[in-house]
Amino acid sequence: MVEELRLPLVGGRVEAGFPSPADDFIERSLDLNEQLVANPIATFFVRASGHSMSDEGIRDGDLLVVDRSITPTRGSVVVAIIDGELTVKRIEKQKNKIVVWGVVVWSVHRLDAKCTR
């Protein structure tokens, strides 16, 4: 059972370019499970390790949301079993048979590596 955790969602969008007037109110509560998890029974969280997927936007230590109910296609980022080990890779060619454990649907990471909890 996934425990609900609702956090405030500030109304409107935040501009990433030039500043614009911000909406100064909380629109509603937001549960990250609703945003990140489409199929709770088949969804798992794993931590990425290493730098081989940094060009794909996945950093060392990222929290990956993996949905095992999704059928991977060419171009999917997946957690796969290669030589008995779990690894994160993008499927480019299906020449060699690999065992796909699940499809990565989200990668969550800190923007400032110096931040601590």
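Before any of the text, the structure's been laid out above.
Residues numbered from 1 in each chain as written. Predicted model: local features only at pLDDT ≥ 70, side-chain atom pairs only at ≥ 80, totals over all residues. Heavy atoms only, no water.

Q: What exactly am I supposed to notice about a nonpolar patch on the surface here?
A: Together, Ile70, Val105, Trp106 and Val108 make up a nonpolar patch on the protein surface, roughly 310 Å² of accessible area in all. Assignment of secondary structure puts Ile70 in the loop between strand S4 (63-67) and strand S5 (77-82). Here Ile70 falls in the partly exposed class, since its relative accessible area comes to 34%. (Patch = residues over 30% accessible without salt bridge, like charges linked within 9 Å, V, L, I, M, F, W, Y side chains within 5 Å. Areas by Shrake-Rupley, 256 points an atom, 1.4 Å probe, with all protein chains shown as cover. Salt bridge = Lys/Arg side-chain N within 4 Å of Asp/Glu carboxyl O. Helix = DSSP H or I, 4+ residues; strand = E, 2+ residues; numbered from the N terminus. Buried < 20%, exposed > 50% of the residue type's maximum accessible area, 1.4 Å probe, protein only.)

Q: Help me out: how do you make sense of the environment of Phe44 in this one?
A: Tracing the sequence through the fold places Phe44 in strand S3 (residues 43-47). You can call Phe44 partly exposed: its relative accessible area is 35%. Phe44 sits 21 residues away from Val65 along the chain, and the two C-alpha atoms are 6.0 Å apart.

Q: I keep staring at the packing of aromatic side chains and nothing clicks. Help me out?
A: The relative placement of two aromatic rings is captured by the distance of their centres and the angle of their planes. What the rule picks out here adds up to 1 aromatic pair. On the basis of an interplanar angle of 55° and a centroid distance of 5.4 Å, the ring pair of Phe44 and Trp101 is categorised as tilted. With Phe44 in strand S3 and Trp101 in strand S7 (residues 99-108), this pair connects stretches of sequence that are 57 residues apart. (Phe/Tyr/Trp six-rings, centres within 6.5 Å; stacked < 30°, edge-to-face > 60°.)

Q: Is there a simple way to think about the pattern of salt bridges in this case?
A: Two side chains with opposite charge may pair up if their charged atoms get near one another. Within this structure, the stated rule accounts for 1 salt bridge. Taking the shortest distance from any N to any O, the salt bridge between Glu56 and Arg90 comes out at 2.6 Å. With Glu56 in the loop between S3 and S4 and Arg90 in strand S6 (residues 85-90), this pair connects stretches of sequence that are 34 residues apart.

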